Amino acid sequence: MEFSNEVVSDPIILRSSGMPVYNYVVVIDDALMKITHVIRGDDHLSNTPKQVALYEALNWPVPEFAHLSTILGSDRERLSKRHGATSIANFAEMGVLPEALVNYLALLGWAPSGGTREIFSPQELFREFTLERVTPSPAVFRYGEACLAQPPLHQKSPVGRIATLAVPFFVQAGLPGLPQ
């Protein structure tokens, strides 16, 4: 994307408290870590021209930027805490397998080649994912759909792993014979 100078406002680098603004501190952090690609939400698109200018002013290499579409709640508003579980720990407490959540999140705003497959292992996602297949439209997060990958992924998981993951739910239910 290109931005006209007229639409880019002057950056604020320090707050009145003397605290640096995150959007510019991240440039220094990323440069020192030699980050080559920045992939983030499209809500940061307006920060990009100012950050690029800062990279250039400091004579540092400018990373490649990609902005992913926003994830919305079922009410079509930006996904936030008011929509329910928002942390990985919340989903784990609900019994959602980590790989099922990763699978679901990957398919929000991205389309695999062929377009019909819905269940991927993390390794398969890694091999298949390309930024070219990211869609520009916002995606809607539906909590029930986040669990749809569970049965096929349960079938692929070793029985011992599923049993270990299930124990806290049995304990919470107060089933006899389990360690409390």
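See above for the structure.
Residues numbered from 1 in each chain as written. Predicted model: local features only at pLDDT ≥ 70, side-chain atom pairs only at ≥ 80, totals over all residues. Heavy atoms only, no water.

Quick question: what am I supposed to make of the overall build of the protein chain here?
Looking only at helices and strands, the protein chain has seven helices and four strands in total. Ordered by position from N to C terminus, the α and β elements of the protein chain give α-β-α-β-β-α-α-α-β-α-α. When burial is assessed residue by residue, the protein chain has 27% of its 180 residues classed as buried. Considering only contacts within the protein chain whose residues lie at least 6 apart along the sequence, 63% involve residues at least 24 apart. Here the protein chain displays about 12,200 Å² of accessible surface, and carbon together with sulfur accounts for 60% of that area. (Helix = DSSP H or I, 4+ residues; strand = E, 2+ residues; numbered from the N terminus. Buried < 20%, exposed > 50% of the residue type's maximum accessible area, 1.4 Å probe, protein only. Contact = heavy atoms within 4.5 Å. Areas by Shrake-Rupley, 256 points an atom, 1.4 Å probe, with all protein chains shown as cover.)

I keep staring at helix α7 (residues 159-172) and nothing clicks. Help me out?
Three or four residues apart is the spacing at which side chains of an α-helix point the same way, because the helix has 3.6 residues per turn. For α7, built from 14 residues, the straight-helix expectation of 20 Å at 1.5 Å per residue is met to within 8% by its first-to-last C-alpha distance of 20 Å. The sharpest bend along α7 comes to roughly 35 degrees, located at Ala 166, with the proline Pro 168 sitting one to four residues further on. One or two steps after α7, the chain reaches Gly 174, where phi turns positive at roughly 75 degrees. (Expected span 1.5 Å × (residues − 1). Bend = angle between axes of the 7 residues up to and from the residue.)

Please clarify how the layout of surface pockets should be interpreted in this entry.
Where empty space is left becomes clear once a probe the size of a water molecule has been rolled over the atoms. Considering only enclosed or pocket space, the largest pocket measures out at about 520 Å³ in volume. Around the largest pocket sit 27 residues that line it, and Ser 69, Ile 71, Leu 79, Leu 105 and Leu 108 are the ones nearest its centre. It is helix α4 (residues 98-107) that contributes the most residues to the lining of the largest pocket, three residues altogether. Looking at the lining of the largest pocket residue by residue, the class counts come to 16 nonpolar, seven polar and four charged. (1 Å grid on protein atoms, 1.4 Å probe; cavity = no way out; pocket = protein on both sides within 12 Å on 5 of 7 lines; lining within 4 Å. Points joined across faces, edges and corners; volume = space filled by probe spheres on them. Nonpolar A, V, L, I, M, F, W, Y, C, P; charged D, E, K, R; others polar.)

What exactly am I supposed to notice about the nonpolar core here?
Across soluble globular proteins, nonpolar side chains have a tendency to be buried as a group. Counting residues in hydrophobic clusters, the biggest one holds 10 residues: Phe 91, Val 96, Leu 97, Ala 100, Leu 101, Tyr 104, Leu 108, Ala 139, Phe 141 and Ala 146. It is α4 that provides the largest number of residues to this core, a total of three residues. Ranked by size, the runner-up nonpolar core spans five residues in total, among them Val 21, Val 27, Leu 54 and Tyr 55. (Core = buried A, V, L, I, M, F, W, Y, C linked by side-chain atoms within 4.5 Å.)

Which parts of the structure should I look at to understand a nonpolar patch on the surface?
On the surface, Ile 28, Leu 32 and Leu 58 cluster together into a nonpolar patch covering about 280 Å² of accessible area. By the element assignment, Leu 32 lies in helix α1 (residues 22-32). (Patch = residues over 30% accessible without salt bridge, like charges linked within 9 Å, V, L, I, M, F, W, Y side chains within 5 Å. Salt bridge = Lys/Arg side-chain N within 4 Å of Asp/Glu carboxyl O.)

When you look at unusual backbone geometry in this model, what are you seeing that I'm missing?
When glycine is set aside, most residues are seen to have a negative phi, and most peptide bonds are trans. A positive phi angle, close to 60 degrees, is found at Lys 34, a residue other than glycine. Even without being glycine, Asn 59 reaches a positive phi, approximately 60 degrees. Residue position: Asn 59 is located in the loop between α2 (48-57) and β2 (64-68). For Asn 59, a relative accessible area of 69% gives the class exposed.

Explain the side chain of Asn 47 here, please?
Relative to the assigned elements, Asn 47 resides in the loop between β1 (37-41) and α2. Here Asn 23 takes part through its side chain, which lies 3.3 Å from a polar atom of the side chain of Asn 47. When neighbours within four sequence positions are excluded, Asn 47 is seen to be in contact with Asn 23 and Arg 40. (Polar contact = N/O pair within 3.5 Å; in protein donor to acceptor, adjacent residues only side chain to side chain.)

When you look at the pairing of β2 in this model, what are you seeing that I'm missing?
Here is the key point about a regular strand: its side chains alternate between the two faces of the sheet. By the bridge criterion, five bridges tie β1 to β2 in an arrangement that is parallel. Directly across from Arg 40, in β2, lies its bridge partner His 67. Viewed along the sheet, the connection from β1 through α2 into β2 turns out right-handed. (Pairing = 2+ DSSP bridges. Right-handed = clockwise from strand over helix to strand, strands pointing away.)

How do you make sense of the environment of Glu 93 when you look at a structure like this?
With respect to the helices and strands, Glu 93 occurs in helix α3 (residues 88-93). Sequence spacing of Glu 93 and Pro 168 is 75 residues, and the spatial spacing of their C-alpha atoms is 9.0 Å.

What should I look at first to understand the packing of aromatic side chains in this one?
By the definition in use, this model includes five aromatic pairs. Ring geometry for Tyr 55 and Phe 65: centres 6.5 Å apart, planes at 70 degrees, overall edge-to-face. Residue Tyr 55 is located in helix α2, and its partner Phe 65 is located in strand β2; the two are separated by 10 residues in the primary sequence. Residue classification places Phe 65 among the partly exposed residues on the basis of a relative accessible area of 22%. Ring centres 5.1 Å apart and planes at 80 degrees place the aromatic pair Tyr 104 and Phe 141 in the edge-to-face group. Here Tyr 104 is found in helix α4, whereas its partner Phe 141 is found in the loop between β4 (139-140) and α6 (150-156), with 37 residues between them in sequence. Phe 141 shares its class with Tyr 104; the two are buried. Taken together, the ring pairs connect Phe 91, Tyr 104 and Phe 141 into an aromatic cluster. (Phe/Tyr/Trp six-rings, centres within 6.5 Å; stacked < 30°, edge-to-face > 60°.)

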